[in-house]
Amino acid sequence: MNANVSLRDFATPTWILIAVGLVAGGAVGLYEMFFGHLFATNSALVWTLPLVTYIFLALMSTGISLVLAYGLIMKDEAITRHTRPLLIMAIGILLGGFTALATELGSLLNMVWILLSPNPSSPIWWMGTLYSIELVLLFVKLVMDLRGRHGVFDLPLAWGTLVIAAAAAITIGAVFGTVIGRPDFHGAFLSVVTLVSALVSGAAAIVLLRPQSTLTEAAGRIFRQAALVFAALILTRVAYEAHSTVEGMLGWANIFMLVPFLVAAMLLSLAPRLLALVGILGVFWVQYSFIITGQLVSLGQMAHWYGAVQTYQPNIPEALILVLGIAVAAALIKLGEQFLIARRPAA
Amino acid sequence: MGYGMVIDQQLCVGCAACTIACKIENNTPVGFNWCDKITRTSGKFPNVRYEYISTMCNHCDNAPCVAACPTQAMYKDAGTGLTLHDTNKCIGCKACIVACPYGVISFNWQRPHQHWAQRDQLAEGCFSPREMLEESGGEGSPHGNPERGTTYPVVRPAGSVEKCTFCDHRLLEGLAPACVDACPSGARQFGDIDDPNSEVSRLVAKHGGKGLREELGTRPRVIYLRDYTPQRRFDPFRPAGEDQGA
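The text that follows walks through the structure, step by step, so that each part is easy to find. In this text the structure is predicted, and so the values were computed from the model without any measurement.

**Re the packing of helix α2 (residues 49-73) of chain A against helix α7 (residues 154-177) of chain A**
Residue and element names in this part refer to chain A.
Consideration 1: One way to put it is that α2 packs onto α7 with a least axis distance of 9 Å and a crossing angle of 150°. On the basis of the axis angle, α2 is roughly antiparallel to α7. In terms of crossing hand, the pair formed by α2 and α7 is left-handed. For the pair α2 and α7, the contacting residues are Leu51, Ile55, Ala58, Leu59, Thr62, Ser65, Leu66, Ala69, Leu72 and Ile73 in the first and Leu155, Ala158, Trp159, Thr161, Leu162, Ala165, Ala166, Ala169, Ile172 and Phe176 in the second.

Given below as structure tokens:
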């Protein structure tokens, strides 16, 4: 541990903001788990902002893992020099996502039970398993880095992380893509969207949270390319939805979704952190849009209860779960920075 | 052996007795029904058409909810063909609800029937809901059917989905599902749809029939026979006083 950390290091505006987020979001999360239901859900619209929060944060963490694995495999020193901070970011953001998921599932134990009663035909089971493996791999890499153990295992671990992270992102898309009865979800397209959006948000998070000139340049290069690919994907979807005559398809993409990615990709060098944030918000917009829109058409008898097409607006408790997920991630990243970054590897 | 149900649309009068019978038999909470309906209005006056389609879990052979469930809480019973649910394994991920193309799975966001746990008296000198529950010895509500509990919890827990089981507890006793017994017009028939000599198979062979959204490949075990065709239509241009029929 870093012996130089004192209580005074926690009396900062950042930590006060994090504490407020943890208390407000934590209160809502605990109430939801143990006392009653606060979210704006019903039996036809079951996955709302808390699940969007999980997917947003999990994919962002995946993106950071992918960038780091790429750096390790390609021996890009601009990235590998920041291995430890990037590992801390990836772990913190993933655990922030898991926190949001736990409130959505109603219990931490439910997340463990997924692994104990497996159904290999279920994309959610694969998603849970792959993210569990990814978390373990990230911890192994962090512990090895803290102990200064670098050598023959680095490359296999990097490849392992790359494969697992990519598979996890693709599997999140499959959770929606394998739904046969909802046209806004169905198909392989969402797996491509989740994989590319992971790369966009992960690279953007590195630019935003780790402003170091060489790292910003390396991560910014990946961000620009991924953002342009993502913009092309959105444009393809807009064109497809404009021509679609599929019954029950509302369409989640719109042409304005291209703007944040095109602007951020083209002007990144002017204001890297601000435009990285724009890119992250753009990814959140896309993910929120497809997850919610896919459920708005009520199926079968649910139309009697909730109308043929629902509307959705997040309520304050749901927004606080978003705050909670981000606050947990921020707290873990700050703790990692304060306690682990300054530490030198053992000789 | 595989249970299935046929619903003859020509015989169904849209009385919703099936819905009520199911609610009573299975103690479903306020806010959703296992057995419910789709209604469709089509056409242009005077040639309008109103359809009442009774719905419930289709117990699909290729059930999307079973494939989507990460913990095998939703499963196919090999002996009966029923799609059943184990609340002990359910983690509340709601993947089955999203995956089901029929909208027949519901989620308990809160503990069902919880108003019956209240100790406040409704009026001075009256029983409280809790006292009524204790007096009746019921579970969940004073009207809770204890026989439901032989195969599925009488009151399903908060954080768990629930859905039609084709009254599997009644099937074990040799009885038909409650909705079938309650149907006043005999529109519902139930039996071994895998046996070509069963009554349900004979009805399907005679009238044809199809399941809901069959194009998705789910192979539902609820088959709808004959579209409802009124024998005589209301004709606004027929002279007053002439029998308009039904």
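**Considering the side chain of A:His82**
Consideration 1: Along the chain, A:His82 falls in the loop between α3 (77-80) and α4 (83-105).
Consideration 2: If we ignore the near neighbours within four places in the chain, the residues touching A:His82 are A:Arg210, A:Gln212, A:Thr214 and A:Leu215.

**Concerning the side chain of B:His85**
All names here are of chain B.
Consideration 1: If you trace the backbone, His85 turns up in strand β5 (residues 83-85).
Consideration 2: Within polar-contact distance, the side chain of His85 engages the side chain of Tyr152 at 2.7 Å.
Consideration 3: Within polar-contact distance, the side chain of His85 engages the backbone oxygen of Val161 at 3.4 Å.
Consideration 4: Setting aside chain neighbours within four positions, we find His85 in contact with Ala73, Met74, Tyr75, Cys90, Tyr152, Ser160 and Val161.

**Some thoughts on the pairing of strand β3 (residues 47-55) of chain B**
Consideration 1: Sheet topology places strand β2 (residues 36-44) of chain B next to β3(B); nine bridges connect them, and they run antiparallel. Note that in β3(B) the partner of B:Ile38 across the bridge is B:Ile53.

**Here we look at the packing of aromatic side chains**
Consideration 1: On inspection of all chains with the given rule, the structure shows 18 aromatic pairs over all chains.
Consideration 2: Between A:Phe10 and A:Trp15 the ring centres are 5.0 Å apart and the planes differ by 55°, which places this aromatic pair in the tilted class.
Consideration 3: What makes A:Phe10 partly exposed here is its relative accessible area of 26%.
Consideration 4: Residue classification places A:Trp15 among the buried positions, given a relative accessible area of 11%.
Consideration 5: Grouped by ring-pair contacts, the aromatic residues A:Trp47, A:Phe176, A:Phe185, A:Phe189, A:Trp252 and A:Phe290 constitute a single cluster.
Consideration 6: For the cation-ring pair, B:Lys94 lies above B:Phe107, with the distance from its terminal atom to the ring centre recorded as 4.4 Å.

**Brief notes about the interface of chain A and chain B**
Consideration 1: On the side of chain B, 42 residues touch chain A, which itself brings 33 residues to the contact.
Consideration 2: In this assembly, chain A packs against chain B so that about 2,900 Å² is buried in total across both faces, 56% of it on carbon and sulfur atoms.
Consideration 3: A salt bridge links B:Lys94 to A:Glu104; the shortest N-O distance between them is 3.6 Å.
Consideration 4: Applying the counting criterion to the chain A and chain B interface returns 19 residue pairs in polar contact (both at pLDDT 80 or more).
Consideration 5: Elements represented by at least two residues in the side of chain A that touches chain B include exactly α4, α5 (108-116), α6 (123-146) and α12 (302-306) of chain A.
Consideration 6: Element by element, the count of residues in the side of chain A that touches chain B is highest for α12(A), at four residues.

**Observations concerning the nonpolar core**
Consideration 1: With 148 residues, the main nonpolar core has A:Trp47, A:Tyr131, A:Phe176, A:Phe230 and B:Phe166 as its most contacted residues.
Consideration 2: Among the elements that line this core, the one with the most residues is α2(A), at 13 residues.
Consideration 3: Sequence-distant contacts of A:Trp47, defined by excluding residues within four places in its chain, comprise A:Glu104, A:Ile124, A:Val175, A:Phe176, A:Ile291, A:Ile292, A:Gln295, B:Cys93, B:Lys94, B:Ala95 and B:Val98.

**With respect to the pairing of strand β1 (residues 3-8) of chain B**
All names here are of chain B.
Consideration 1: With six of six residues buried, β1 lies mostly within the body of the structure.
Consideration 2: Burial along β1 is two-sided: the residues Tyr3, Met5 and Ile7 and Gly4, Val6 and Asp8 are all buried.
Consideration 3: As judged from the five bridges shared by β1 and strand β8 (residues 188-192), these two strands associate in the antiparallel manner. Paired with Gly4 across the two strands is Gly191, which belongs to β8.

**Topic: the packing of α2(A) against helix α13 (residues 316-341) of chain A**
All names here are of chain A.
Consideration 1: Look at α2 against α13: their axes get within 8 Å of each other, and the N-to-C directions meet at 25°. Classified by the interaxial angle, the pair formed by α2 and α13 is roughly parallel. Crossing handedness for the pair α2 and α13: right-handed. Contact with α2, carried on its side by Leu49, Pro50, Thr53 and Leu57, involves Glu318, Ala319, Ile321, Leu322, Gly325 and Ile326 of α13 and no other residues of that element.
Consideration 2: Residues belonging to the contact of α2 with α13 are distributed by class as follows: seven nonpolar, two polar and one charged.

**Looking at the environment of B:Ser136**
All names here are of chain B.
Consideration 1: In this structure, Ser136 sits in helix α4 (residues 129-136).
Consideration 2: Taking the relative accessible area as the measure of exposure, Ser136 reaches 40% and is therefore partly exposed.
Consideration 3: For the pair Ser136 and Pro177, spaced 41 residues apart in the sequence, the C-alpha separation amounts to 25 Å.

Criteria and cut-off values
- Sequence order sets the numbering: in each chain, residues are counted from 1 along the sequence as written.
- Just so you know, chain letters begin at A and ligand numbers begin at 1, following the order they were written in.
- In keeping with the model being predicted, local features are shown solely for residues with a pLDDT of at least 70 and side-chain atom pairs are shown and tallied solely at 80 or more, while totals for entire chains, interfaces and linings include all residues.
- For the side-chain quantities, the full set of heavy atoms in the structure was used; hydrogens and water were omitted.
- Only the stretch in contact is used when fitting a helix axis, every axis being a line fitted to C-alpha atoms; angles between N-to-C directions are given from 0 to 180 degrees.
- Here a strand is any run of E in DSSP of at least two residues, a helix any run of H or I of at least four, and the numbering for each starts at the N terminus.
- Angular relationships are summarised with four words: roughly parallel below 35 degrees, roughly antiparallel beyond 145, roughly perpendicular across 65 to 115, and oblique for the angles in between.
- We call a crossing left-handed when the near helix sits turned anticlockwise from the far one by less than a right angle, and right-handed when that turn is clockwise.
- Whether two residues are in contact is decided by their heavy atoms, any of which lying within 4.5 Å being enough.
- Contacts described as polar in this section are N or O atom pairs within 3.5 Å, which, within protein, must combine one atom able to donate a hydrogen with one able to accept it, while residues neighboring in sequence count only if both atoms come from side chains.
- When DSSP finds two or more bridges between two strands, those strands count as paired.
- To pair, rings of Phe, Tyr and Trp, with the six-membered ring standing in for Trp, must have centres within 6.5 Å; the planes then decide the type, stacked if under 30 degrees apart, edge-to-face if over 60, and tilted in the middle.
- Each residue is assigned to one of three classes by its accessible area relative to the maximum for its type, calculated with a 1.4 Å probe on protein chains only: buried under 20%, partly exposed between the two thresholds, exposed over 50%.
- Here, over-ring charges are defined by two tests on the NZ atom of lysine or the CZ atom of arginine: distance to the ring centre within 6 Å, and angle to the ring normal within 35 degrees.
- The quantity reported as buried area is the accessible area (1.4 Å probe) lost by two parts once they are put together, taken as the sum for both.
- Counted as salt bridges are all cases of a side-chain nitrogen of Lys or Arg within 4 Å of a carboxyl oxygen of Asp or Glu.
- To define a nonpolar core, start from buried Ala, Val, Leu, Ile, Met, Phe, Trp, Tyr and Cys residues and group those joined through side-chain atoms within 4.5 Å.
- Residues are grouped as follows: nonpolar covers Ala, Val, Leu, Ile, Met, Phe, Trp, Tyr, Cys and Pro; charged covers Asp, Glu, Lys and Arg; every other residue, Gly included, is treated as polar.

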